[in-house]
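# Topology and contacts: notes
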Amino acid sequence: RIRMRRENAFRLWKERQMSGINELIFLLRHRFHQLLGATGEERIMPRFWAKRREALALEVRQTQISITFSMLNHVIENLSLFAAAIVIGQRVLAGQMSLGAFVMVTLYATQLQSGLTAVNAAIDEWFRLRSVFLQLGFFLTMKPRVSLEGCEAPAGDLAGDVELEDVRFRYPRLQEEEQAYIGYLVKQLDLDNAKREVWPGDYDLVREWQQLLADHQKPFEPVLKGVSARFRRGAITALVGRNGSGKTTLMKLLTRTYDPEAGRVSVDGRALTTLLPRTLRHRYSMVTQEPFLLESFSVRDNALLGCAVTGDEAIWAVLDRLGLGPAIRALPRGLDTVLGDEVSLSGGQAQLLVIARTLLQKRPFIVLDEGTNQLDAERELAILQVLTELKTEATV
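As the structure is a prediction and not an experimental result, all values here were calculated from the model.

### What about the overall build of the protein chain?
- Scanning the protein chain for helices and strands turns up 13 helices and six strands.
- Every one of the 396 residues in the protein chain was classed for burial, and the buried ones make up 39%.
- Put simply, 79% of the contacts in the protein chain that link residues at least 6 apart link residues at least 24 apart.
- Carbon together with sulfur atoms contributes 55% to the accessible area of the protein chain, which is approximately 22,700 Å² in total.

Dropping the structure here:
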């Protein structure tokens, strides 16, 4: 019972230690461009790749310990079994032991077989670890979607009008490394499906990935054609369009997640293709349709993501200004409350927290991609009033 309590305590401790790391790994896989936009590439790359390496180091250490102790245990156990089997077997052959001794030899042989099975399980764990390293290799060999050749950081502050001139864009095909990675996952999940060792949702996931690979064998249609617009500093500019008309795609072009196929996107007179992406993204604050929050992190961590501010006074001032302060004070531990673990925010509260982060970041460009779609009319009006005050300091 003591051993079981210790193992359970260790398991719970490890799960809490790994939860934040696993969340970061998920974000790197599926929300990388949002993560870059929220923090700026200069700050995210070392921090989050370090977290990924830390997660791998934990898995490596866990596997090493598991295999080492399993092998030692099996060696000692099997040596004792062999010794006992040899002694008893010799006496049985010499007629010095009864039939019961012979049965004992058989039982020892059975235990030996179970020990070999455990050794095989340890070998399987080692191959699982090799799979982890293979997946890591896919991430490390992925190339950026935009060309960095000839790019530089601007000499002064980057602030001013944002302009699009006859922009044409279609989404690029998957890179070879991405196709290899998705193909590898499909192969592994197909193998697991054959063994019936996966969650039912993985069947749908495999079909989606297979369809994704098939779609990238066909030519893509342009999403944007001949788009020209100017977003002026000191003003709030609204871009209106039907669903699927390319508004979110345009946001990705403004932050240089992608480069246009034709035309020019410039900020303060500088073409984005001449600017380092990390320099550009660190100057944008984005509020997306789906509130972007880090689970397994505190309210404070989420409010200060990508911010130079560190004091709680500034956080409370912004939260109270947006009307979110009372709801955060009512949480079990206030700003220290962990999202996704201790509490879940409503859609509107999550969106307000993201907007609070935007105000705390104090960046020269603010992009809201339907950033108030989960707020009521009264709260939305309050947000627009705040943005009206900010327009003298930013391009909104």
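### Concerning empty space enclosed by the protein
- All chains considered together, the criterion is met by two cavities of 30 Å³ or more.
- Looking at the second largest cavity, its volume works out to about 40 Å³.
- In terms of lining residues, the second largest cavity is bounded by Val287, Ile355, Thr358, Leu359, Ile366, Leu368, Ile383, Val386 and Leu387.
- Elements supplying a minimum of two residues to the lining of the second largest cavity: helix H12 (347-361), strand E6 (365-368) and helix H13 (377-390).
- Its residues assigned to classes, the lining of the second largest cavity shows eight nonpolar, one polar and no charged.

### Examining the pairing of strand E3 (residues 262-267)
- With five bridges joining them, strand E1 (residues 162-169) and E3 adopt antiparallel strand pairing. When the bridges of E3 are listed, glutamate 163 appears paired with serine 266.
- As paired strands, E3 and strand E4 (residues 270-271) are joined by two bridges and run antiparallel to one another. Looking at E4, one finds that serine 266 is bridged to alanine 271.
- Hairpin connection from E3 to E4: two residues lie between these consecutive antiparallel strands, with aspartate 268 at a positive phi of about 55°.

### Notes on the side chain of serine 298
- Tracing the chain through its elements places serine 298 in the loop between strand E5 (284-287) and helix H9 (299-303).
- What makes serine 298 buried here is its relative accessible area of 8%.
- Here aspartate 301 takes part through its backbone nitrogen, which lies 3.1 Å from a polar atom of the side chain of serine 298.
- Excluding residues within four positions of it along the chain, serine 298 makes contact with Leu335, Asp336, Thr337 and Val338.

### Description of the packing of H12 against H13
- For the pair H12 and H13, interaxial distance at closest approach is 12 Å and the crossing angle is 10°. By the angle between their axes, H12 is roughly parallel relative to H13. Residue-level inspection shows Leu352, Ile355 and Leu359 of H12 in contact with H13, the latter providing Arg379, Ile383, Val386 and Leu390.
- Its residues assigned to classes, the contact of H12 with H13 shows six nonpolar, no polar and one charged.

### So, the sheet that holds strand E2 (residues 224-231)
- Across the sheet, which stays open at both edges, the four strands sit in the order E2-E1-E3-E4 with antiparallel pairing between neighbours. At either end of the open sheet lies a strand with only one pairing partner, and these are E2 and E4.
- Lying over the sheet, helix H7 (residues 247-254) contacts E1, E2 and E3, oriented at roughly 115° with respect to E1.

### Points about H12
- If you check H12, its first and last C-alpha atoms are 21 Å apart, about what 15 residues at 1.5 Å a residue would give, namely 21 Å.
- Summarising burial for H12: 13 of the 15 residues are buried, a large majority.
- After H12 finishes, the residue lysine 362 shows a positive phi value of roughly 55°.

### Looking at a nonpolar patch on the surface
- A contiguous nonpolar surface patch, about 240 Å² in accessible area, is contributed by Val103, Met104 and Leu107.
- Looking at where valine 103 falls in the secondary structure, it is placed in helix H4 (residues 99-140).

### Digging into the packing of helix H10 (residues 312-321) against H12
- Remark: H10 packs on H12, axes separated minimally by 10 Å, with the N-to-C direction vectors making an angle of 125°. By the angle class used here, H10 and H12 are oblique. Between H10 and H12 lies a crossing whose hand is right-handed. Across the interface between the two elements, Ala314, Ile315, Val318 and Leu319 of H10 pack against Leu353, Ala356, Leu359 and Leu360 of H12.
- Of the residues in the contact of H10 with H12, the class split is eight nonpolar, no polar and no charged.

### Overview of the environment of cysteine 307
- Considering the arrangement of structural elements, one finds cysteine 307 in the loop between H9 and H10.
- Sequence spacing of cysteine 307 and leucine 360 is 53 residues, and the spatial spacing of their C-alpha atoms is 6.3 Å.

Criteria and cut-off values
For every chain, the first residue of the written sequence is number 1, and numbering continues from 1 along that sequence. Side-chain atom pairs in this predicted model are given and counted only at pLDDT of 80 or more, local residue features only at pLDDT of at least 70, and totals for whole chains, interfaces and linings cover all residues. Note: side-chain values were computed over all heavy atoms of the structure, leaving out hydrogens and water. Where helices and strands are cited, they refer to DSSP runs of H or I of at least four residues and of E of at least two residues respectively, numbered from the N terminus. Classification of residues uses two cut-offs on accessible area relative to the type maximum, computed with a 1.4 Å probe and protein chains only: under 20% is buried, over 50% is exposed, and between them is partly exposed. Contacts are assigned to residue pairs with any non-hydrogen atoms lying within 4.5 Å of each other. Each accessible area value is a Shrake-Rupley result obtained with a 1.4 Å probe; residue values ignore everything except the protein chains displayed when judging cover. Throughout, the protein atoms alone are placed on a 1 Å grid, and a set of points is a cavity if a 1.4 Å probe fits but cannot get out or a pocket if it is open with protein on both sides within 12 Å along at least five of seven lines; lining residues have an atom within 4 Å of a point. Grid points are joined across faces, edges and corners, and a volume is the space filled by probe spheres set on the points. Classification convention: Asp, Glu, Lys, Arg as charged; Ala, Val, Leu, Ile, Met, Phe, Trp, Tyr, Cys, Pro as nonpolar; all other residues, Gly among them, as polar. Each pair of strands is called paired provided DSSP finds at least two bridges between the two strands. Any pair of nitrogen or oxygen atoms within 3.5 Å is treated as a polar contact; in protein, a donor-acceptor pairing is required on top of that, and neighbouring residues in sequence qualify only through side-chain atoms on both sides. Angles shown run from 0 to 180 degrees and are taken between the N-to-C directions of axes, each axis being a line fitted to C-alpha atoms and, for helices, limited to the stretch in contact. In what follows, roughly perpendicular refers to angles from 65 to 115 degrees, roughly parallel to angles under 35, roughly antiparallel to angles over 145, and oblique to any angle outside these ranges. Here, expected helix span is obtained from the residue count minus one, scaled by 1.5 Å. Patch criteria: residues need more than 30% relative accessible area and no salt bridge. Like-charged residues are merged within 9 Å; nonpolar side chains of Val, Leu, Ile, Met, Phe, Trp and Tyr are merged within 5 Å. In the sections that follow, a salt bridge refers to a side-chain nitrogen of Lys or Arg positioned within 4 Å of a carboxyl oxygen of Asp or Glu. Handedness of each helix crossing follows the sense of rotation of the near helix against the far helix: counterclockwise by less than a right angle gives left-handed, clockwise gives right-handed.

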